[in-house]
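Fold and contact review
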Amino acid sequence: MIGPEAASQIEYFARALRAPRISEAFRRLGDQARDAGWSHEEYLAAVLSKEVSEREASGAALRIKAARFPGFKTLEDFNFEHQPSADRNLIAHLGMSVFLTEAKNIVLLGPPGTGKTHLAVGIGIKAAKAGHRVLFDTATGWVTRLQEAHSRGKLAAELTRLRRYSLLIVDEVGYIPFDQDAANLFFQLVSSRYEHASLIMTSNLPFSRWGDVFGDLTIASAMIDRIVHHADVISLKGNSYRLKNHEPAATTAH
Ligand code: ADP
Ligand code: MG
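Cut-offs used in this document
- Residues numbered from 1 in each chain as written.
- Chains lettered and ligands numbered in written order.
- Predicted model: local features only at pLDDT ≥ 70, side-chain atom pairs only at ≥ 80, totals over all residues.
- Heavy atoms only, no water.
- Helix = DSSP H or I, 4+ residues; strand = E, 2+ residues; numbered from the N terminus.
- Rg over C-alpha atoms; globule rule 2.2 N^0.38 Å.
- Contact = heavy atoms within 4.5 Å.
- Areas by Shrake-Rupley, 256 points an atom, 1.4 Å probe, with all protein chains shown as cover.
- Lys, Arg positive; Asp, Glu negative; His and termini not counted.
- Charge placed at Lys NZ, Arg CZ, Asp CG, Glu CD.
- Pairing = 2+ DSSP bridges.
- Axes fitted to C-alpha atoms, helices over the stretch in contact; angles between N-to-C directions.
- Domains from an automatic or database assignment.
- Buried < 20%, exposed > 50% of the residue type's maximum accessible area, 1.4 Å probe, protein only.
- Expected span 1.5 Å × (residues − 1).
- Salt bridge = Lys/Arg side-chain N within 4 Å of Asp/Glu carboxyl O.
- Near = heavy atom within 4 Å.
- Polar contact = N/O pair within 3.5 Å; in protein donor to acceptor, adjacent residues only side chain to side chain.
- 1 Å grid on protein atoms, 1.4 Å probe; cavity = no way out; pocket = protein on both sides within 12 Å on 5 of 7 lines; lining within 4 Å.
- Sits in = over half its atoms within 2 Å of the grid points.
- Nonpolar A, V, L, I, M, F, W, Y, C, P; charged D, E, K, R; others polar.

1. Regarding the overall build of the protein chain
When its secondary structure is counted, the protein chain shows 11 helices and five strands. Against the globule reference of 18 Å for 254 residues, the protein chain gives a C-alpha radius of gyration of 24 Å, more extended than a compact globule. Taking as baseline every contact in the protein chain between residues at least 6 positions apart, the subset at least 24 positions apart corresponds to 78%. Of the roughly 14400 Å² of accessible surface on the protein chain, a fraction of 54% belongs to carbon and sulfur atoms. For the protein chain, the distance from the average position of its 30 positive side-chain charges to the average position of its 28 negative side-chain charges is 4 Å.

2. Concerning the sheet that holds strand S5 (residues 231-235)
Read across the sheet, five strands follow the order S2-S3-S4-S1-S5 without closing on themselves; strand pairing throughout is parallel. In this open sheet, the two edge strands, each paired with only one partner strand, are strand S2 (134-138) and S5. Along the sheet, successive strands turn relative to each other by an average axial angle of 10 degrees, direction set aside. Where S2 and strand S3 (residues 167-173) come together, five bridges link them in parallel fashion.

3. Quick notes on the domain arrangement of the protein chain
The assigned domain composition of the protein chain is domain 1 (4-65) and domain 2 (75-242). Between the C-alpha centres of domain 1 and domain 2 the distance comes to 40 Å.

4. What about the pairing of S5?
Only one face of S5 is covered, namely the one carrying Asp232 and Ile234; the face carrying Ala231, Val233 and Ser235 has none of its residues buried. As judged from the five bridges shared by strand S1 (residues 105-109) and S5, these two strands associate in the parallel manner. Considered in S5, the bridge of Ile106 is made with Asp232.

5. Details of helix H6 (residues 116-129)
Between its first and last C-alpha, H6 extends 20 Å over 14 residues, near the 20 Å set by a 1.5 Å rise per residue. Burial analysis of H6 places 11 of its 14 residues in the buried class, the great majority of the element. Where H6 terminates, the next one or two residues include Gly131, which has phi positive at roughly 100 degrees.

6. Looking at the pattern of salt bridges
Inspection of the entire model under this criterion finds 12 salt bridges. Lys50 is paired through a salt bridge with Glu54; the nearest N and O atoms lie 3.1 Å apart. Taken as a pair, Lys50 and Glu54 lie in helix H3 (residues 40-66) at a separation of four residues, close to a single helical turn. Exposure remark for Lys50: the relative accessible area of 27% places this residue in the partly exposed category. Among the salt bridges present, the one from Lys104 reaches Asp232, with a minimum N-O distance of 3.9 Å. Here the residue Lys104 occupies a position in the loop between helix H5 (98-101) and S1, and Asp232 occupies one in strand S5, the gap between them amounting to 128 residues. Using a relative accessible area of 23% as the deciding quantity, one classes Lys104 as partly exposed. Through salt bridges that share partners, Arg21, Lys50, Glu51, Glu54 and Arg55 make up one connected network.

7. Observations concerning the site of ligand 1
In the vicinity of ligand 1 there are 15 residues, among which Asn79, Gly113, Lys116, Thr117 and His118 approach most closely. The separation between an oxygen atom of ligand 1 and a polar main-chain atom of Gly113 is 2.7 Å. With the chains in place, 87% of the 550 Å² that ligand 1 exposes on its own is no longer accessible. The cavity that encloses ligand 1 is the largest pocket. Residue composition of the shell around ligand 1, grouped by class: four nonpolar, seven polar and four charged.

8. Overview of the environment of Gly71
Locating Gly71 in the fold gives a position in the loop between H3 and helix H4 (88-94). For Gly71, a relative accessible area of 26% translates into the label partly exposed. Once the C-alpha coordinates of Gly71 and Thr117 are considered, the two residues, 46 residues apart in sequence, prove to be 9.6 Å apart.

Structure representation (structure tokens):
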């Protein structure tokens, strides 16, 4: 049994260190240590590990919440049998977040329902768990955010702030075409991250059609150039997963 004086000292130190799990765990682990005959060092390691592992888990949960993913889609939930054009090894490697330390990009191309958003979110969740700050929005959402900053005269500050995120996910490039101003703002976002921080972009359109989206072939090709210079481009094929269970039945009852 631990003396009351030592216990209250530990509680005081745990508060001073802002390490509440130490207060919660030290008695129980102390009993376990006595029963199992742990060394002092083993006991200390067990107590510290309790604090650190729970801190990491709650940090990851906070980063996942802050990322504003549209849903919790993990790489573990992705069915690679259904999507053979997604290279399982490449995706697993991207899930290890090395691309972020090299400020590389990922582009996911393919028709609707082929798993682009799912894979982007899955890679984003891995990044958040690995300690990276991530932010998700649609292309239209990003443009709105940049327009707001621009109208307040704060575009440069916003771009600098966004560079503190290791990963921005830009979903659905191509669904809605941009006007000239929006295209320019978007180009600035891409330029500001070039060789500094990563982007994941998804699009239903091949690069050859991005000129239509941005209304300007020069802007589109300058942008594609910067995006793909250091990037993995993944082209997904096939039919929509959303429609997978809605194929017309061979026979109908009526
Ligand atoms: P896209 O962004 O390409 O339009 P999504 O990633 O949103 O498609 O996929 C549509 C739906 O189908 C989502 O609910 C997603 O989780 C699911 N889905 C797509 N492909 C797969 C897959 N290979 N394995 C598991 N779920 C998938
Ligand atoms: Mg999508």
